[in-house]
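Summary of the model geometry
Listed below are the residues making up each chain.
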Number of protein chains: 2
Amino acid sequence: MNNISNSSTPTSTDVSFSIGLFGFGTVGRGLYDVLQRLHTDRVSIRRVCVKHLERHRDADVCFTDSADDIFNDEKVNFIVELIDDDVAAYDIVCRALRAGLPVVSGNKKMLARHLPELICLQEETGAALLYDASACGSIPVIRNLEEYYDNDLLQSVKGILNGSSNFILSKVFNEGMGYAEALKLAQDLGFAESNPSLDIDGWDSLYKLIIVTMHAFGIYVAPEAIFTYGISRMNDYDIQFANEKQRRVKLVGTAEKIDDSHLSLSVMPHLISRQKYIYSVEDEFNGVVIKGLFYYKQFMFGRGAGGHPTGSAVLSDITARLYGYRYEYKKLRSDRQPAYTTDFSFRVYFRYTNPADRHLLTFEHVDETYTSATNNYLVGYVCMSELVQKAEQLRKADVFLAAYPLD
Amino acid sequence: MNNISNSSTPTSTDVSFSIGLFGFGTVGRGLYDVLQRLHTDRVSIRRVCVKHLERHRDADVCFTDSADDIFNDEKVNFIVELIDDDVAAYDIVCRALRAGLPVVSGNKKMLARHLPELICLQEETGAALLYDASACGSIPVIRNLEEYYDNDLLQSVKGILNGSSNFILSKVFNEGMGYAEALKLAQDLGFAESNPSLDIDGWDSLYKLIIVTMHAFGIYVAPEAIFTYGISRMNDYDIQFANEKQRRVKLVGTAEKIDDSHLSLSVMPHLISRQKYIYSVEDEFNGVVIKGLFYYKQFMFGRGAGGHPTGSAVLSDITARLYGYRYEYKKLRSDRQPAYTTDFSFRVYFRYTNPADRHLLTFEHVDETYTSATNNYLVGYVCMSELVQKAEQLRKADVFLAAYPLD
C-alpha cells in the first residue's frame, strides 16, 4: 500500500489555512484546544479578534480587538466566526465572502435570519460558507442531509435540537427534580444561558430547524412564520399527566411532509411515548430522527453542545474546505421543493389553570376534557395556523401545550 | 429566493447516468423500486445483466445475460454491481474502472478482499468506485468517517454491523426464544441467509469492519489477520449468565485505538451492559458508535439490511457521483495511520463444557472460575494474538467466548 500512501491526490492539493478567528468564548476556545491536540500544519489560527483584549492571556495566539487587523492581514486566508452577537456576525461573514475568503460560522440566529442573502452572496462571490457546527454541535446533520438524503424520499426530520432544555427535562422526568431546581442546575453546570429563554422557549431549536430545513427540503422559512413554544410554562400537573401516560415531555423541532408537496415546521413540546427513539435521548444530548420512504428511520445521536464537541465540529467544517467542499444547496435548486404550510390539524394536550383560558384555542375536535378545582385540560385537534397566530398569547398565559400523537 | 432556485451551479452540471446494472436480487430490485418512485431523469437503468433471463419478467427494464451487452453499450455511462458472487463482482468492478466508468458496488466480501488493488486502480484510471451501501445499508457510515471524523481525534468505531445475527440475539434476550427457533424465524422472515454462517459466524460483520477501518483509520487489514468469532456456539447457559449479569450478548465489530499509534480490530460477541448505546439496538437494526477525543460519542442507528433501505443507499452513492463525489482516502494518504496490533490483553467470559477445553486458551490473569457437572467458565484476560491463532479451534469446540469488559 505504500505506493498509495505516498502519492498525491488531484483534489486535496497542498492548501493550508491560516485562520482569522472571531470570538474566543466556549466554542472558540474549544477549537483552539482541538487544534493544539491535532498534528496538522495545514490548519492554524493566525489571529483572534476579541472584544476584551485583557482576557485570554493563557492562549498562545495573537489577539486583536480590531476586525481590520484580520481582514488586512494578507496571510489570513480563512475566516471562522464564533461570536454571540448575530448582527456583528452577519457583517463579518458578509465581509469575508465579499473578500473571497471561505468562512465558517457558528451563529445559528444569524444564519436562520440571513440564509437566503448568504446563499446569494456565496454565488456572487464564489466564496464558500460552511456551518455544520451551528446545528447539533458534533452531529453532522447538515452535511448528511445535503449529501445523503434525497428530497423526494425524505419524509421528516425531527429531533431534540437543544441540549440545555433536554437536560432540564431529563432531570424532571428521570430524577423527579422540580423544574426550577433543574433549570438552576443546568445553569450552574454551564449547560444553559444565563438568560435561559433562548434554550427553554425554543428559539435556539427554531434557528437550528430553519437551517436544517434548508438542507433537508430546500426551502427557507423565516422564524416568524413558524410556531415556536417552549417548556417554561410546564407545571407539576403537566409532569404528572405525562408520567401517568408513561410518556416524557421533550422539546422537539419538526420538519415533516404532510403530503407530497407540503411541509410543516414547528418547535414545541411533545408527549413522547416509550417506543420512540427520542424518548431515550437524555441529558444534554441531541438526537435527530431522519425518516424516509425507503430507508425507514435513521437516528443520529451525540453531544449537541459544549466547547470541545462544537469546536471539533467547527474543525470538521474547516477540513472539509481543505478538500474543496461547499454546500451545493441541491434541494433549493431542484424544482420539487415542498411548500410550507400551517394548514393542517394535529392532536395536542392543552392544560389551562384559569377556566377563561379554555377559549384561547379553537378545537376542531375534542377527544378528552378534564376539569378540577386546580387544573383543567383538553385533548383535541387544533390547526397549526391558529397556533402560529396565537403563539404570543399562549406564551403569556398560564397554560401548557404539547403535541400528543396517538402513537 | 427565485433567482437562486433557477440558477445553475458550476459543479453539478447536467450530468445524467444511464446505468448498467449487474444483479437483480433483493438490493437490485430495491434500487429499481426506489428509482421508479423518484422523480428524476438524471438517473435511469439502461440494462440489467442477470444469470437467469427467464425471471424478473415483471420489471420494465432491458435484461441481458451477457456482461458484454452492458460494456459494449455506448450509452451506459455508470456501472452498478449488486451480485453475490465476489469473484465475478471483482471482475465487473475492475472492468468498469479500466473502461473509465464510475462504479458502485455492494459486495462487501469482494471489497474487503480487494480494497488495496481497487484503490490503486481508481488512481490509475481516474474512475471512481463508491460503496457506502456495502456497510450498514442505509446508515451513511463510510462517507461520514471519510469526511467528518479526523484520524487524530478518532478513537474507536464499534457497532452492530449485521442485522440477521442481531435479530436472533434480540429474540433470544427479549423474548426468551431458543437460539435455534430464533435462527429459523430469521430465515423465514428473510433476514438470514439460507447458509447462516455468513451472518452468525461474523464474516459479514468482518467484511464491513475492514471497509469501515479503511475510511476510519486509513489502514487495510486482511480478513485472515482479524479475530472473527460468532454466536453459533452460544448455549442456554451463556444466555443465563448474561441475564444474571443484566447484560445482553451482542455481536460487535470493533476498530479501536489501544494507544496513539496502535489499532485493534475484532468481530466477536460482547456482554454489553445496559448503559451502552448498542445495548438497545434491537432486531434487524444496525448501530454504530463513533468515539472521538473531543466529541465524545456519536451514535448512528438505522436499518442495516433489506432491499429498499440498501437500494436507497445505492442510489445515494449514485447521486453523490452526479456531484462528482469520490472517496479521497484521505486517511490512507496521511502519514499518521495507526499500526494494526494483536498484542494486547482484554477481559473475556470463556465457557467450556468439556473440562479438557479449559486449556484451549492461556489466561494472563483469572478473575473468576466456575465449575459444575454441566458447565464451566472462566472470566479473565487473554491476549488477542492468541485468539487470532486459535480462532479455528475455538470455532470447533463446544465453548463460548465473549468480551466481558468491566464497565
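Everything discussed here concerns the structure shown above.
Residues numbered from 1 in each chain as written. Chains lettered and ligands numbered in written order. Predicted model: local features only at pLDDT ≥ 70, side-chain atom pairs only at ≥ 80, totals over all residues. Heavy atoms only, no water.

With respect to the relation of the copies chain B and chain A
- When chain B is brought onto chain A, the operation consists of a screw motion whose angular component is 180 degrees and whose axial shift is 0.0 Å, with 0.0 Å RMSD remaining. Expressed as an axis order, the relation between the two copies is that of a two-fold axis. It is M300 of chain B whose C-alpha, among those of chain B, lies nearest the rotation axis, at 2.3 Å. (Least-squares fit on C-alpha atoms with pLDDT ≥ 70 in both.)

Details of the state of the cysteines
- Applying the stated criterion across every chain, the model contains zero disulfides over all chains.
- Here C94 of chain A stays free of any disulfide, with the sulfur of C120 of chain A as its closest cysteine sulfur at 11 Å. (Disulfide = S-S within 2.5 Å.)

Description of the sheet that holds strand β6 (residues 129-130) of chain B
- The strand order across the open sheet formed by six strands is β3-β2-β1-β4-β5-β6 (chain B), and the pairing between neighbours is parallel. Two strands in the sheet have a free side with no partner beyond their single neighbour: β3 (62-64) and β6 of chain B. (Pairing = 2+ DSSP bridges. Helix = DSSP H or I, 4+ residues; strand = E, 2+ residues; numbered from the N terminus.)

Quick look at the packing of aromatic side chains
- Taken as a whole, this structure holds 48 aromatic pairs over all chains when the rule is applied.
- The interplanar angle of 65 degrees and the centroid separation of 5.7 Å between the aromatic rings of F24 of chain A and Y32 of chain A together place this pair among those described as edge-to-face.
- The exposure class assigned to F24 of chain A is buried, which follows from its relative accessible area of 8%.
- Assessed through its relative accessible area of 6%, Y32 of chain A is described here as buried.
- Every member of this aromatic cluster is reached through a ring pair, and the members are Y277, F285, F299 and F301 of chain A together with Y277, F285, F299 and F301 of chain B.
- Sitting over the face of the ring of Y325 of chain B, R143 of chain B holds its NZ or CZ atom 5.3 Å from the ring centroid.
- Positioned above the aromatic ring of Y323 of chain A is the side chain of K330 of chain B, whose terminal nitrogen or guanidinium carbon lies 4.0 Å from the ring centre. (Phe/Tyr/Trp six-rings, centres within 6.5 Å; stacked < 30°, edge-to-face > 60°. Buried < 20%, exposed > 50% of the residue type's maximum accessible area, 1.4 Å probe, protein only. Lys NZ or Arg CZ within 6 Å of the ring centre and 35° of its normal.)

Focus on the pairing of strand β12 (residues 296-303) of chain A
- β12 of chain A sits mainly inside the fold: seven of its eight residues count as buried.
- In the sheet, strand β11 (residues 285-292) of chain A pairs with β12 of chain A via eight bridges, with the strands oriented antiparallel. The residue bridging N286 of chain A from the neighbouring strand is G302 of chain A, located in β12 of chain A.
- The hairpin formed by β11 of chain A and β12 of chain A contains three residues between the paired strands.
- By the bridge criterion, four bridges tie β12 of chain A to strand β12 (residues 296-303) of chain B in an arrangement that is antiparallel. Bridging from a neighbouring strand, M300 of chain A pairs with M300 of chain B of β12 of chain B.

Some remarks on the interface of chain B and chain A
- Contacts between the two partners involve 57 residues from chain B and, on the opposite side, 57 residues from chain A.
- For the chain B and chain A pair, buried surface summed over both sides reaches about 5,200 Å², with 59% attributable to carbon and sulfur atoms.
- Counting the contacts that link chain B with chain A gives three residue pairs in polar contact (both at pLDDT 80 or more).
- Here the side of chain B that touches chain A takes eight residues from β12 of chain B, the largest share from any one element.
- When grouped by side-chain class, the residues that make up the side of chain B that touches chain A number 28 nonpolar, 14 polar and 15 charged. (Contact = heavy atoms within 4.5 Å. Buried area = accessible area lost by both parts, 1.4 Å probe. Polar contact = N/O pair within 3.5 Å; in protein donor to acceptor, adjacent residues only side chain to side chain. Nonpolar A, V, L, I, M, F, W, Y, C, P; charged D, E, K, R; others polar.)

A closer look at the side chain of K257 of chain B
- Relative to the assigned elements, K257 of chain B resides in strand β9 (residues 247-259).
- A distance of 3.0 Å separates a polar atom in the side chain of K257 of chain B from the backbone oxygen of L154 of chain B.

Concerning the packing of helix α4 (residues 86-98) of chain B against helix α5 (residues 108-125) of chain B
Residue and element names in this part refer to chain B.
- Relative orientation of the contacting elements α4 and α5 amounts to 10 degrees, with a least axis distance of 10 Å. The orientation of α4 with respect to α5, classified from their angle, is roughly parallel. Together, D86, A89, Y90, V93, C94, L97 and R98 of α4 and K109, M110, H114, E117, L118, L121, Q122 and T125 of α5 make up the contact between the two elements. (Axes fitted to C-alpha atoms, helices over the stretch in contact; angles between N-to-C directions. Parallel < 35°, antiparallel > 145°, perpendicular 65-115°, else oblique.)

Section: the environment of K390 of chain A
Residues and elements named next belong to chain A.
- Mapped onto the elements, K390 comes out in helix α14 (residues 384-396).
- For K390, a relative accessible area of 17% translates into the label buried.
- Distance from K390 to N235, taken between C-alpha atoms, is 20 Å for residues 155 residues apart in sequence.
- With residues up to four places along the chain from it excluded, the contact list for K390 reads L360, L361 and T362.

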